[in-house]
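# Chains, contacts and geometry: an overview
If you want the building blocks of each chain, they are given just below.
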Amino acid sequence: MQEKSYGSKRLVVGAHYGLRDWLAQRVTAVLMALFTIVLIAQLLLGARLGYERWSAIFSAQWMKVLTFVVIVSLLYHAWIGMRDVWMDYVKPVGVKLVLQVFTLAWLVGCAGWAVQVLWRL
Amino acid sequence: MADTTQTQERPVYRNIHILQIVSYRLPPAGIVSILHRVSGVLMFLLLPFVIWLFDVSLTSEISYERFTSTFIAGVGWLPGWFMKLVALALIWAYLHHFIAGVRHLWMDVAHSVSKEEGHLSALSTLASSAMLTIGLGYKLFF
């Protein structure tokens, strides 16, 4: 009988460990794919593209909400993907930690900038 | 109880060495897989550029001019044709990542994981992303 299941004795393998991220990566992917289709449809249906029409697309409240959802989805999706890449190719724990922190800062920074652009409109 | 501590010689499989990459023959599904990663990392690294484009294209009519001139006059010391190449790389990355992702979702939903289906869907992924990239690249440059 195992008397301790945390700390150094914690079970680090088994079912469910990656399931949540696996699912999250797929759900966020579907959201981004839907956004892509919605955006392309709006670009194809309509007059010649210029600033007026381009900014009008993102000015609509529903499009703002959808774009915001996509920004957050992208943040999460790219985090899972980049973390997987670092986990697979970088062995030293310290280097891996630095790269993961960089990835998070990079993604959160980008997401903040994108939201700022969106809400200025 | 059987003695489980006694170890026997077992084959060890390790990752291929970096120098073996060129000579290692990867099946189409493997090529799709590694390109899925490469395209993902590329888009991750170019994300600030994409958001900068998003920013200048939306903020005002004047900044919109800067957006369009990015691909004609260029940005800073980077010429317009180079910016078009960067855009083309992003277009390919997006298309490949998108189609390879749909292939993943299809395999998850349909459980179509036979060798033949995987081979065929990998080849169609590579072909369709390449064709669309060539088509959009033509529109971008000419």
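You'll find the structure just up there.
Throughout what follows, the structure given in this document is the object of discussion. Sequence order sets the numbering: in each chain, residues are counted from 1 along the sequence as written. Working convention: letters from A go to chains and numbers from 1 go to ligands, in the order in which they are written. Whole-chain, interface and lining totals are the exception, using all residues; otherwise, since this is a predicted model, local features are given only for residues with pLDDT of at least 70 and side-chain atom pairs are given and counted only at 80 or more.

### Notes on the overall build of chain B
Within chain B one finds five helices and zero strands. Helix and strand definitions follow DSSP, with helices as H or I runs of at least four residues and strands as E runs of at least two, each counted in order from the N terminus. Reading the helices (α) and strands (β) of chain B from amino to carboxyl end gives α-α-α-α-α. Against the compact-globule benchmark of 14 Å for 142 residues, chain B has a radius of gyration of 22 Å, which places it well outside the compact range. Its C-alpha atoms give chain B principal-axis dimensions of about 80 × 30 × 30 Å. Each residue is classed by its C-beta neighbour count within 10 Å, where at least 20 other C-beta atoms makes it buried, 12 or fewer makes it exposed, and intermediate counts make it partly exposed; the C-beta atoms are placed from backbone geometry. Taking all 142 residues of chain B together, the buried fraction comes to 15%. Each residue is represented by a C-beta atom placed from its backbone, and any two residues with such atoms within 7 Å are regarded as in contact. For chain B, the proportion of contacts with a sequence separation of at least 24, taken over those separated by at least 6, is 67%. Computation of the radius of gyration draws on C-alpha atoms alone. For the globule rule, the value is 2.2 Å times the number of residues to the power 0.38.

### Some details on the packing of helix α1 (residues 28-45) of chain B against helix α4 (residues 80-110) of chain B
Residue and element names in this part refer to chain B. Axis lines are fitted through C-alpha atoms, for helices just across the contact stretch, and the angle between N-to-C directions can take any value from 0 to 180 degrees. Packing of α1 against α4 brings their axes to within 9 Å, and their N-to-C directions diverge by 130°. With respect to α4, the axis of α1 lies oblique. In the packing of α1 onto α4, the handedness of the crossing is left-handed. Along its contact with α1, which presents Val 32, Leu 35, His 36, Ser 39, Gly 40, Leu 42 and Met 43, the element α4 presents Ala 89, Leu 90, Ala 93, Tyr 94, His 96, His 97 and Ala 100. An angle counts as roughly parallel when it lies under 35 degrees, as roughly antiparallel when it exceeds 145, as roughly perpendicular when it falls between 65 and 115, and as oblique in every other case. Take the far helix as your reference; a near helix turned counterclockwise from it by less than a right angle gives a left-handed crossing, and one turned clockwise gives a right-handed crossing.

### Regarding the interface of chain A and chain B
Of the residues lining the interface, 17 residues belong to chain A; the matching set on chain B comes to 17 residues. Within the residue set of the side of chain A that touches chain B, elements represented by two or more residues are α1 (19-44), α2 (51-59), α3 (61-89) and α4 (93-120) of chain A. In terms of residue count, the dominant contributor to the side of chain A that touches chain B is α4(A) (five residues). Throughout this entry, Asp, Glu, Lys and Arg are counted as charged residues, while Ala, Val, Leu, Ile, Met, Phe, Trp, Tyr, Cys and Pro are counted as nonpolar. The remaining residues, Gly among them, count as polar. Of the residues that constitute the side of chain A that touches chain B, the class distribution is 13 nonpolar, two polar and two charged.

### Side note on the packing of α3(A) against α4(A)
All names here are of chain A. Contact geometry for α3 and α4: axes closest at 10 Å, N-to-C directions at 170°. Viewed along their axes, α3 and α4 adopt a mutual orientation that is roughly antiparallel. Here Lys 64, Thr 67, Phe 68, Ile 71, Val 72, Leu 75, Ala 78, Trp 79, Met 82, Arg 83 and Trp 86 of α3 come into contact with α4, specifically with Lys 96, Leu 99, Gln 100, Thr 103, Leu 104, Leu 107, Val 108, Ala 111, Ala 114, Val 115 and Leu 118.

### Observations concerning the nonpolar core
All names here are of chain A. Core analysis: the largest hydrophobic core is formed by 13 residues, its most contacted members being Met 32, Val 70, Ile 71, Leu 74, Ala 78 and Ala 114. Ranked by residue count, the leading element in this core is α3, at six residues. Apart from residues lying up to four places away in sequence, Met 32 is in contact with Val 70, Ser 73, Leu 74 and His 77. In plain words, the nonpolar core is the set of buried Ala, Val, Leu, Ile, Met, Phe, Trp, Tyr and Cys residues that C-beta atoms within 7 Å link up.

### What to know about α4(B)
Taking 1.5 Å of rise per residue, the 31 residues of α4(B) would be expected to cover 45 Å, and the 44 Å separating its terminal C-alpha atoms lies within 8% of that figure. When we look at burial in α4(B), the residues that qualify are B:Ala87, B:Trp92, B:Ala93, B:Tyr94, B:His96, B:His97, B:Ile99, B:Ala100 and B:Gly101. Where α4(B) is buried, its residues touch α1 of chain A together with α1 and α5 (115-141) of chain B. Directly beyond the C-terminal end of α4(B), a positive phi value near 55° is found at B:His111. Any helix carries an expected span of 1.5 Å times its number of residues minus one.

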